[in-house]
Amino acid sequence: MAAHEALLPLSKLKYSTIKEISDSGVVLSSLPSCYACRDPDINGSTEILEEEVPIIDFSLLVGGTAKQRAQVIQDLGKACRDWGFFMVVNHDVPKRLMETMLDACKGFFNMREEEKQEYNGKHVLDPIRHGTSFNTSVEKFRYWRDYLKVFVHPHFHSPAKPSGFREISLEYVTRTREMAKELLKAIWESLELKPDDMEETLDLNSCFQILIVNLYPPCPEPELALGIPPHSDHGLLTILSENGVNGLKVEHNGKWVHVKPAPNSFLVNTGDHMEIVSNGKYKSVVHQAEVNASSTRISIATALGPSLDTVVVPEPQLVKHEHQLAYNGMKYRDFIEHQQANPLMDKSVLDLLKLQK
Ligand SMILES: O=C(O)CCC(=O)C(=O)O
Ligand SMILES: [Fe+2]
């Protein structure tokens, strides 16, 4: 890329993905203007909080004594109330599976652009989508990120290539779904709701699960760009792992916290549907992904929600206690479509459902 291409506006950019830019072999001395989505004078001054995120020991939840399980449920409740975010350690997803899944994801992004493009530019509810930024048809700027999004439950989908991706991703999403369901059950209990009601209320047998793989290649001026802008996730819980390169920031008490996960841990955040079903007791957490100048970051997010046809409303028991209904419901499919078809921004769809307090 010639030096002057760094100044080109979006409409003139000849590369379609970040991977293509970084593979082109030209060293970018500055960021192409269409990726300069933030003003360092403003963003540089947002306060960063150095705080440890809550840690949940999964082994004590599923294999501990009754007392230990009760303590983890209490800790989960506190993490959801105070943060909407926690790190899960001692889980039962094999380390080897986490590693092979990362390799399979690298394999996908390393395929030729023409092979990946088979999945480009389709409807936001298509079961397999590869793309760049978030939604380039509605964005003013681009984000420094390529993605692969795959619907994996109740119907499992997978790109046909690279070889092995289907088998590995099936195992990965199955194991992470089982873990997410255990966490959901415990969170439900922390709200003092009956666990038996959860499956039915959220139609979890047909729960919607999506796999999102994010690729963030090194960026020439990372302080001007973003991988993903501040947003909340649409589901109940999102389970995230990464390739050892940090970049996630979560909002906590009005400030940003850099998250540095322990090796082999999962990062878990509450989504908009957790906020709705809990009648606002457990808020979905706003988070963003930063990029850096030296290393490629890959994150693997898998989000679990109710079934696509469910209209989640606040649990009646919680409304009774708090004497006020805080949210309207919306069919989950419509909620997702709305979020994916518009610029990604904080809690924009959830805000539509909020009732005046
Ligand atoms: O890459 C990350 O750390 C965050 C990804 C994310 O927020 C998402 O995929 O919704
Ligand atoms: Fe997210």
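Residues numbered from 1 in each chain as written. Chains lettered and ligands numbered in written order. Predicted model: local features only at pLDDT ≥ 70, side-chain atom pairs only at ≥ 80, totals over all residues.

This part covers the sheet that holds strand S7 (residues 228-231). If you trace the five strands from one edge of the open sheet to the other, you get S1-S10-S9-S12-S7, paired in mixed fashion. Each edge of the open sheet is held by one strand with a lone partner, namely strand S1 (48-49) and S7. By the bridge criterion, four bridges tie strand S9 (residues 248-252) to strand S10 (residues 255-258) in an arrangement that is antiparallel. For Lys-249, the partnering residue across the bridge sits in S10 and is His-258. (Pairing = 2+ DSSP bridges. Helix = DSSP H or I, 4+ residues; strand = E, 2+ residues; numbered from the N terminus.)

What follows is about the environment of Val-152. Here Val-152 lies in strand S5 (residues 146-153). The buried category is assigned to Val-152, around which 22 C-beta atoms lie within 10 Å. Distance from Val-152 to Asn-292, taken between C-alpha atoms, is 30 Å for residues 140 residues apart in sequence. (Buried ≥ 20, exposed ≤ 12 C-beta atoms within 10 Å, placed from the backbone.)

Feature annotation in UniProt assigns "domain: Fe2OG dioxygenase" (unreviewed entry) to the following positions: residues 203-306. Note that residues 203-306 is 6% helix and 43% strand, and that its end C-alpha atoms are spaced 6 Å apart. (UniProt positions renumbered as here; feature names shortened; annotations may be inferred.)

Within the largest apolar cluster, 86 residues are counted, with the highest numbers of intra-cluster contacts made by Trp-144 and Leu-237. Those residues within four positions of Leu-237 in sequence are excluded, and the remaining contacts are Ala-180, Leu-183, Leu-184, Val-268, Thr-270, Gly-271, Met-274 and Leu-304. (Core = buried A, V, L, I, M, F, W, Y, C linked by C-beta atoms within 7 Å. Contact = placed C-beta atoms within 7 Å.)

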